[in-house]
Protein chains: 2
Amino acid sequence: MANKSELAKRMLKYRNVIIKLKNLGIVKVFSDNIADTSGLSSSQVRKDFSSLSIKGSKKGGYQIQYLVDRFEEILGAKNEQKVIIVGYGNIGKAIINYQNLNNDICKIVAAFDIDKEKTNSGLDTPVYHISELDSFSKKNKINIGIIAVPEEVANEVYEHMYNAGFKGILNFTRIHLKEIEGITIKTINIDLQIENLFYLVSLKEQSKDA
Amino acid sequence: MANKSELAKRMLKYRNVIIKLKNLGIVKVFSDNIADTSGLSSSQVRKDFSSLSIKGSKKGGYQIQYLVDRFEEILGAKNEQKVIIVGYGNIGKAIINYQNLNNDICKIVAAFDIDKEKTNSGLDTPVYHISELDSFSKKNKINIGIIAVPEEVANEVYEHMYNAGFKGILNFTRIHLKEIEGITIKTINIDLQIENLFYLVSLKEQSKDA
DNA sequence: TAGATTGTTAATCGATTAACAATC
DNA sequence: TAGATTGTTAATCGATTAACAATC
């Protein structure tokens with residue numbers, strides 16, 4: 001289960017790293033180089049490449065341009081995609097700011113909120129009332145969205161989006177959204193990560209004292 | 001390796017979920033309830049609780065107040081902690097906005113940037129020149145920081161913070177920062193998550209067509 | 001008692017790593 | 001050739017799950 005998702009994550013890492021190496025003017029790389037820059041083991045790099053039918057030459061390593069091409073082929077050309085966000089509170093706004101800057105991966109083309117006071121179609125990222133979500137996403141063929149609403153309504157919004165035909169959701173709330181057949185969910189829980197960091201650091205400090 | 005970190009992550013999840021259940025007025029829970037709300041299996045909940053010496057009663061489940069107390073004991077009281085952020089560009093600003101809102105976990109008390117034009121000690125979150133990082137963090141006993149600088153300088157900033165005695169780093173760049181003895185790193189790569197989501201969704205759509 | 005749930009052990013599952021033959 | 005690196009298989013490692021005895 002974690003399988004596909006983890007490999008996919010590594011694939012994206014590989015592509016990013018490879019593009020960076022190419023930009024540095026490097027022409028060929030060894031599994032070791034890629035391992036170092038991506039924080040993985042060389043065994044894993046070779047294993048993944050092998051499973052993706054990416055060929056290297058013994059002794060010669062991998063041609064960087066070939067890698068770039070292969071990954072583009074496998075992952076699809078990297079063209080900007082459109083997403084919408086539900087929830088135009090402070091967090092929603094912060095995400096919009098974060099995302100729409102120096103980012104060629106995706107663009108948040110609209111926000112939706114239940115509060116009519118917040119709607120404003122004159123902004124760079126227009127804000128519509130939630131009741132317009134279905135028609136907007138259908139019209140613009142958008143099926144991936146971000147949830148940045150208060151926890152209490154996260155599941156409700158999730159269901160709404162599911163019914164509206166969304167296929168992918170990026171969840172910024174602390175609530176666990178149960179994955180239903182036909183929809184993929186990713187959760188980014190920044191608070192949890194920070195808490196986790198604090199906890200791990202405190203653990204280390206304790207064990208050092210002991 | 002992933003071990004400790006994964007368990008820690010689940011522990012934080014447990015605490016969050018348990019507090020929510022308590023706030024709903026629930027008095028006792030079964031491993032099943034916790035599994036559902038946290039997206040884990042009941043086996044795992046029982047196993048984790050067991051390894052944390054958290055006792056339930058057969059048939060009676062777990063007393064919620066007891067759970068709250070135990071987790072507080074284990075994880076430490078949840079009091080706000082201070083962090084700083086390096087990088088006061090758009091992303092840094094977005095993170096500051098995100099973090100300092102409705103969040104009792106941590107507070108970003110200062111930002112640092114190399115650009116003197118950006119320094120401004122009059123803001124809610126004051127911005128200082130990077131040269132003041134060492135003295136500020138020492139004076140305020142801060143050893144956890146966020147990196148939100150351009151990729152090219154991420155490793156440089158990382159080294160700087162390491163030398164300044166930082167113990168934990170939350171990395172918002174796409175660069176892999178190699179963990180050194182004595183410092184813990186968490187990376188939050190929002191772009192990668194979104195890319196990943198797009199990729200997984202497209203995979204599913206393809207397999208459906210086939 | 002009958003039914004339900006914990007606590008724990010054993011089985012499974014899968015991911016990662018080690019190792020090395022093939023070979024450039 | 002000698003040395004180095006891939007590609008792949010086998011071994012390891014650990015995490016998750018299943019199952020069930022204990023027991024409330």
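For clarity, every value in this text was computed on a predicted model and none was experimentally measured.

Enquirer: Would you mind going over the pairing of strand 6 (residues 144-147) of chain B in detail, with residue names and values included?
Expert: If a strand is regular, its side chains alternate between the two faces of the sheet. Residue and element names in this part refer to chain B. Here strand 6 shows no split at all, with Ile-144 and Ile-146 on one side and Gly-145 and Ile-147 on the other all buried. Where strand 3 (residues 81-86) and strand 6 come together, three bridges link them in parallel fashion. When the bridges of strand 6 are listed, Ile-85 appears paired with Ile-146. One ladder, built from four bridges, connects strand 6 with strand 7 (residues 168-171); its direction is parallel. Across the sheet, Ile-146 pairs through a bridge with Leu-170, a residue of strand 7.

Enquirer: Give me the lowdown on the relation of the copies chain A and chain B, citing residues and values where you can.
Expert: Expressed as a screw transformation, the operator carrying chain A onto chain B has a rotation angle of 180° and an axial translation of 0.0 Å, and the superposed copies differ by an RMSD of 0.1 Å. Taken together, the turn and the small shift mark the pair as related by a two-fold rotation axis. By C-alpha distance to the rotation axis, the residue of chain A lying nearest is Ala94(A), at 2.5 Å. The residues that chain A uses at the interface reappear at the interface of chain B in 100% of cases, marking a shared surface.

Enquirer: Go over the sheet that holds strand 5 (residues 127-129) of chain A, please, and point to the residues and values.
Expert: Residues and elements named next belong to chain A. Sheet architecture is open: six strands sit in the order 5-4-3-6-7-8, paired in parallel fashion. This sheet does not close on itself; its edge strands, each paired only once, are strand 5 and strand 8 (184-187). Recorded for the sheet is a direction-independent mean angle of 25° between the axes of neighbouring strands. Contacting strand 3 (81-86), strand 4 (106-113) and strand 6 (144-147), helix 5 (residues 90-99) runs over the sheet at an angle of about 165° to strand 4. Helix-sheet contacts for helix 7 (residues 154-163) involve strand 3, strand 6, strand 7 (168-171) and strand 8, and the interaxial angle to strand 6 is about 170°.

Enquirer: Explain the sheet that holds strand 4 (residues 106-113) of chain B residue by residue, including any values.
Expert: Paired through backbone hydrogen bonds, the strands of a sheet run either parallel or antiparallel to each other. Residue and element names in this part refer to chain B. Within the open sheet, the six strands sit side by side as 5-4-3-6-7-8. Their pairing is parallel. A strand with exactly one partner marks an edge of an open sheet, and here the two such strands are strand 5 (127-129) and strand 8 (184-187). The sheet shows a mean angle of 25° between the axes of neighbouring strands, direction not considered. Sheet topology places strand 3 next to strand 4; six bridges connect them, and they run parallel. Note that in strand 4 the partner of Ile-84 across the bridge is Ala-110. Against the sheet, helix 5 (residues 90-99) engages strand 3, strand 4 and strand 6, with an angle of about 165° to strand 4. Across the face of the sheet, helix 7 (residues 154-163) comes into contact with strand 3, strand 6, strand 7 and strand 8 while running at roughly 170° to strand 6.

Enquirer: I'd love a proper account of the interface of chain A and chain B, names of residues and values included.
Expert: The interface of chain A with chain B comprises 62 residues on the first partner and 62 residues on the second. The contact between chain A and chain B buries some 5800 Å² in all, and 68% of this surface belongs to carbon and sulfur atoms. Counting the surface chain A buries against chain B, the share from its top three residues, Tyr98(A), Leu197(A) and Phe198(A), is 13%. At the surface where chain A touches chain B, the tally comes to six salt bridges. Scanning the region where chain A abuts chain B turns up ten residue pairs in polar contact (both at pLDDT 80 or more). Counting residues per element, the side of chain A that touches chain B draws most heavily on helix 8 (residues 190-209) of chain A, at 15 residues.

Enquirer: For helix 7 of chain B, give the residues involved together with the corresponding values.
Expert: Residue and element names in this part refer to chain B. Taken as a whole, helix 7 has its buried residues at Ala-154, Val-157, Tyr-158 and Met-161. Each buried residue of helix 7 lies within a common arc of 105° when the element is viewed along its axis, so the set occupies one face. In helix 7, the exposed positions angled more than 90 degrees off the buried face are occupied by Glu-156, Glu-159 and Asn-163. Structurally, helix 7 contributes buried residues whose contacts are with strand 3, helix 6 (133-139), strand 6, strand 7 and strand 8. Downstream of helix 7 by a residue or two, Gly-165 has a phi angle that is positive, lying close to 95°.

Enquirer: Give me the lowdown on the environment of Ile147(A), citing residues and values where you can.
Expert: Residues and elements named next belong to chain A. Assignment of secondary structure puts Ile-147 in strand 6. Ile-147 sits in the buried class, given a relative accessible area of 0%. Along the primary structure Ile-147 and Phe-172 are separated by 25 residues, whereas in three dimensions their C-alpha atoms are 5.9 Å apart. When sequence neighbours within four positions are dropped, the list of residues in contact with Ile-147 reads Val-86, Ala-154, Val-157, Tyr-158, Met-161, Ile-169, Leu-170, Asn-171, Phe-172, Thr-173 and Leu-177.

Enquirer: Requested: an account of the packing of aromatic side chains, with residues and values cited.
Expert: Each aromatic ring pair is characterised by the separation of its centres together with the angle its planes make. Considering all chains together, one arrives at 14 aromatic pairs over all chains under this definition. Centre to centre, the rings of Phe112(A) and Tyr128(A) are 5.8 Å apart; their planes meet at 40°, and the pair counts as tilted. Linking Phe112(A) in strand 4 with Tyr128(A) in strand 5, this pair joins segments that are 16 residues apart in sequence. Like Tyr128(A), Phe112(A) is buried. Look at Tyr14(B) and Phe71(B): their rings are 6.1 Å apart centre to centre, the planes differ by 50°, and that puts the pair in the tilted class.

Enquirer: Describe the packing of helix 2 (residues 31-38) of chain B against helix 3 (residues 42-51) of chain B, with residues and values.
Expert: Residue and element names in this part refer to chain B. At a closest axis distance of 8 Å, the pairing of helix 2 and helix 3 adopts a crossing angle of 110°. When the axis of helix 2 is compared with that of helix 3, the two are roughly perpendicular. When the axes of helix 2 and helix 3 are compared, the crossing they make is right-handed. Judged by residue contacts, Ser-31, Asp-32, Ile-34 and Ala-35 of helix 2 engage Ser-42, Val-45, Arg-46 and Phe-49 from helix 3. Along the lines of polarity and charge, the residues of the contact of helix 2 with helix 3 split into four nonpolar, two polar and two charged.

Enquirer: Let's hear about the pattern of salt bridges: which residues, and what values?
Expert: Residue and element names in this part refer to chain A. One pass over the full model with this rule turns up 18 salt bridges over all chains. Of the charged contacts, one joins Lys-9 and Glu-6 as a salt bridge, the two residues approaching to 3.8 Å between their closest N and O atoms. With Lys-9 and Glu-6 both in helix 1 (residues 2-23) and three residues apart, this pair spans about one turn of that helix.

Conventions we followed
- Residue numbering note: each chain is counted from 1, following its sequence as written.
- Working convention: letters from A go to chains and numbers from 1 go to ligands, in the order in which they are written.
- Where local features are concerned, this predicted model is filtered to residues with pLDDT of at least 70; where side-chain atom pairs are given and counted, the filter is 80 or more; whole-chain, interface and lining totals use all residues.
- In computing side-chain properties, one takes all heavy atoms of the structure into account and sets aside hydrogens as well as water.
- Here's how the labels work: a residue is buried when its accessible area is under 20% of the maximum for its type, exposed when over 50%, partly exposed in between, all with a 1.4 Å probe on protein chains only.
- Here a strand is any run of E in DSSP of at least two residues, a helix any run of H or I of at least four, and the numbering for each starts at the N terminus.
- For two strands to be treated as a pair, DSSP must find at least two bridges joining them.
- Least squares is used to superpose the copies, and the fit set is the C-alpha atoms of residues whose pLDDT is at least 70 in both copies.
- Contacts are assigned to residue pairs that have any heavy atoms within 4.5 Å of one another.
- Lines fitted to the C-alpha atoms define the axes, with helices restricted to the stretch that makes contact. Angles between their N-to-C directions range from 0 to 180 degrees.
- A quick way to say it: buried area is the sum, across both parts, of accessible area lost when two parts are put together, with a 1.4 Å probe.
- Just to be clear on terms, a salt bridge is a Lys or Arg side-chain nitrogen sitting within 4 Å of an Asp or Glu carboxyl oxygen.
- Polar contact is defined as a pair of N or O atoms within 3.5 Å, subject to the rule that within protein one atom must be able to donate a hydrogen and the other to accept it, and that residues adjacent in sequence are counted only when both atoms are side-chain atoms.
- Each direction from the helix axis to a C-beta atom contributes to the arc, which is the arc of those directions.
- Two aromatic rings from Phe, Tyr or Trp, using only the six-membered ring of Trp, form a pair when their centres are within 6.5 Å; if the ring planes differ by under 30 degrees the pair is stacked, by over 60 it is edge-to-face, and anything between is tilted.
- Working rule for angles: under 35 degrees goes down as roughly parallel, over 145 as roughly antiparallel, 65 to 115 as roughly perpendicular, anything else as oblique.
- By definition, turning the near helix anticlockwise from the far helix through less than a right angle yields a left-handed crossing, and turning it clockwise yields a right-handed one.
- Put simply, Ala, Val, Leu, Ile, Met, Phe, Trp, Tyr, Cys and Pro go in the nonpolar bin, Asp, Glu, Lys and Arg in the charged bin, and everything else, Gly too, in the polar bin.

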